[in-house]
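# Coordinates in review
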Amino acid sequence: VPVEIDPEDLEMLHTMPFKLVRDKIIVRGKVNGGRLQDFVLDTGSEETVISRETAQRERIRPVTYTLSAGVGEVGLRGLQLAQLRSLEFGTLEVRNVPVPMNNPPLRAIPKREGESFSPLSLGLSMMIDYENQMLTIGRTLPAVEADFSLPMRVHRLAMVRGLLNSTHPTYFVVDTGGEVISISAEMASTLPESPFRKIPLRVWGTSGWDRAAFLMPGIDLDFDQIEYRNFPIVVLNLRAPSLLLGFQLGGIVGHKFLAPYRV
């Protein structure tokens, strides 16, 4: 049974600590009962992903290939696909988990590609307490009083609706593995010409370097009652992930958007 979880594990909440490293949520998990290792909590990924080094250490063999897409000049990227016997995070154990492996690896990138974990890809909900650095995972979360509630759509990825300059609605991927608030180059091209200078950036994503990225100052951005005024937004090439998803992505909200809250 793919993504098999015991009934008692589905009925309970699984709470574990995490640490923040360079605006990334790091949780500890085990692959196939092996040693504890770091995973980035990444809701911007459709699947849990393992590195080539972990696959070699745990003798995990690929069974086929799959297509992946992310920010970066590589765009669409072929990756090996394998199946884990088990995946453990705290008291949560999931068996028979299909996972892409970062193989073939990207070249000329600033750091090694590591592991990432997405509870949403397992059909589970989660609560991230940034202040106390605690992560809670479960099929059903307890009701809480919220300061802000945003309707969320899930089509392979979780998305919320934002409004640019009070006139341009679009959907943003909720990406715990991302760092900033960004919009696609296509969305940026629909906005009126800005009087501010565009600032070139060199951004690295899961598909390599995005050398055409830039910072666009002076944007107003609203997520219902959450408001950003005269705000600098990163503009990225999101053509490849949009192609894979089948619709034009508007943008991404990452750590800068999420971190002030319990999400």
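So, here is what we can say about the structure in this document.

Here the focus is the overall build of the chain. Assigned secondary structure in the chain consists of five helices and 20 strands. Scaling as 2.2 N^0.38, a compact globule of 263 residues should have a C-alpha radius of gyration of about 18 Å, and the chain matches this with 19 Å. Over its C-alpha atoms, taken along the principal directions, the chain stretches across nearly 55 × 45 × 30 Å. The 263 residues of the chain split such that 48% are buried. For the chain, the proportion of contacts with a sequence separation of at least 24, taken over those separated by at least 6, is 63%. Surface summary for the chain: the accessible area is close to 13600 Å², and the carbon and sulfur share equals 52%. Here the chain contributes 28 positively and 30 negatively charged side chains, and the mean placements of these two sets differ by 8 Å.

As a further point, take the pairing of strand β9 (residues 125-129). Within β9, four of the five residues are buried, leaving the element largely enclosed by the surrounding structure. Note that β9 and strand β10 (residues 134-138) share five bridges and pair antiparallel. Counterpart to methionine 126 in the pairing with β10 is isoleucine 137. Between β9 and β10, which pair antiparallel and follow one another directly, the connecting turn spans four residues, one of which, glutamine 133, has a positive phi of 55°.

All right, on to the nonpolar core then. Residues Phe117, Leu135, Ile183 and Phe223 are the most contacted members of the largest nonpolar core, which totals 50 residues. Among all residues touching isoleucine 183, those that are not within four sequence positions of it are Leu164, Phe172, Ala188, Leu191, Ile233, Val234, Val235, Leu236, Leu238, Gly250 and Gly251. Grouped together as the second largest cluster of nonpolar side chains are 13 residues, Val71, Val173, Leu236 and Ile252 included.

A surface patch of nonpolar side chains, about 300 Å² in accessible area, is lined by Leu67, Leu76 and Leu243. Inspection of the secondary structure puts leucine 76 in strand β6 (residues 76-89). A relative accessible area of 36% places leucine 76 in the partly exposed class.

We now examine the environment of proline 260. Looking at the element boundaries, proline 260 is found in the segment after α5 (255-258). Judged by relative accessible area, which is 59%, proline 260 ranks as exposed. Along the chain, proline 260 and glycine 90 lie 170 residues apart, while their C-alpha atoms are 25 Å from each other.

The next thing to look at is the sheet that holds strand β1 (residues 14-17). If you trace the three strands from one edge of the open sheet to the other, you get β1-β10-β9, paired in antiparallel fashion. One side of each edge strand has no neighbouring strand; the edge strands of this open sheet are β1 and β9. For this sheet, the mean angle separating the axes of adjacent strands, direction not counted, is 15°. Relative to β10, β1 runs antiparallel, the two being bridged by four bridges. Across the sheet, histidine 14 pairs through a bridge with isoleucine 137, a residue of β10.

Let's shift gears to the packing of aromatic side chains. Tallied over the entire structure, the rule returns eight aromatic pairs. Where phenylalanine 39 meets phenylalanine 89, the ring centres are 5.0 Å apart and the plane angle is 75°; that geometry is what we call edge-to-face. Remark: phenylalanine 89 occurs in strand β6 and phenylalanine 39 occurs in strand β4 (residues 37-41); sequence separation between them is 50 residues. For the pair formed by phenylalanine 39 and phenylalanine 89, the shared burial category is buried. Both rings, one in tyrosine 228 and one in phenylalanine 257, keep their centres 6.4 Å apart while their planes meet at 40°; by these two values the pair is tilted.

Unusually for a residue other than glycine, glutamine 133 sits at a positive phi of about 55°. Here glutamine 133 falls in the partly exposed class, since its relative accessible area comes to 29%. Positive phi values are uncommon outside glycine, yet arginine 156 reaches one of about 70°. The topology assignment puts arginine 156 in the loop between β11 (152-155) and β12 (157-164). Look at arginine 156 and you get partly exposed, because its relative accessible area is 43%.

Take the side chain of asparagine 102 next. For asparagine 102, the position within the fold is in the loop between β7 (92-101) and β8 (115-117). A polar side-chain atom of asparagine 102 sits 3.4 Å from the main-chain carbonyl oxygen of glycine 114. With near-sequence residues (within four places) excluded, asparagine 102 lies in contact with Val49, Ile50, Ser51, Arg52, Arg77, Leu79, Glu113 and Gly114.

Cut-offs and rules
- Residues numbered from 1 in each chain as written.
- Predicted model: local features only at pLDDT ≥ 70, side-chain atom pairs only at ≥ 80, totals over all residues.
- Heavy atoms only, no water.
- Helix = DSSP H or I, 4+ residues; strand = E, 2+ residues; numbered from the N terminus.
- Rg over C-alpha atoms; globule rule 2.2 N^0.38 Å.
- Buried < 20%, exposed > 50% of the residue type's maximum accessible area, 1.4 Å probe, protein only.
- Contact = heavy atoms within 4.5 Å.
- Areas by Shrake-Rupley, 256 points an atom, 1.4 Å probe, with all protein chains shown as cover.
- Lys, Arg positive; Asp, Glu negative; His and termini not counted.
- Charge placed at Lys NZ, Arg CZ, Asp CG, Glu CD.
- Pairing = 2+ DSSP bridges.
- Core = buried A, V, L, I, M, F, W, Y, C linked by side-chain atoms within 4.5 Å.
- Patch = residues over 30% accessible without salt bridge, like charges linked within 9 Å, V, L, I, M, F, W, Y side chains within 5 Å.
- Salt bridge = Lys/Arg side-chain N within 4 Å of Asp/Glu carboxyl O.
- Axes fitted to C-alpha atoms, helices over the stretch in contact; angles between N-to-C directions.
- Phe/Tyr/Trp six-rings, centres within 6.5 Å; stacked < 30°, edge-to-face > 60°.
- Polar contact = N/O pair within 3.5 Å; in protein donor to acceptor, adjacent residues only side chain to side chain.

The values reported here are purely geometric and, on their own, carry no functional implication.
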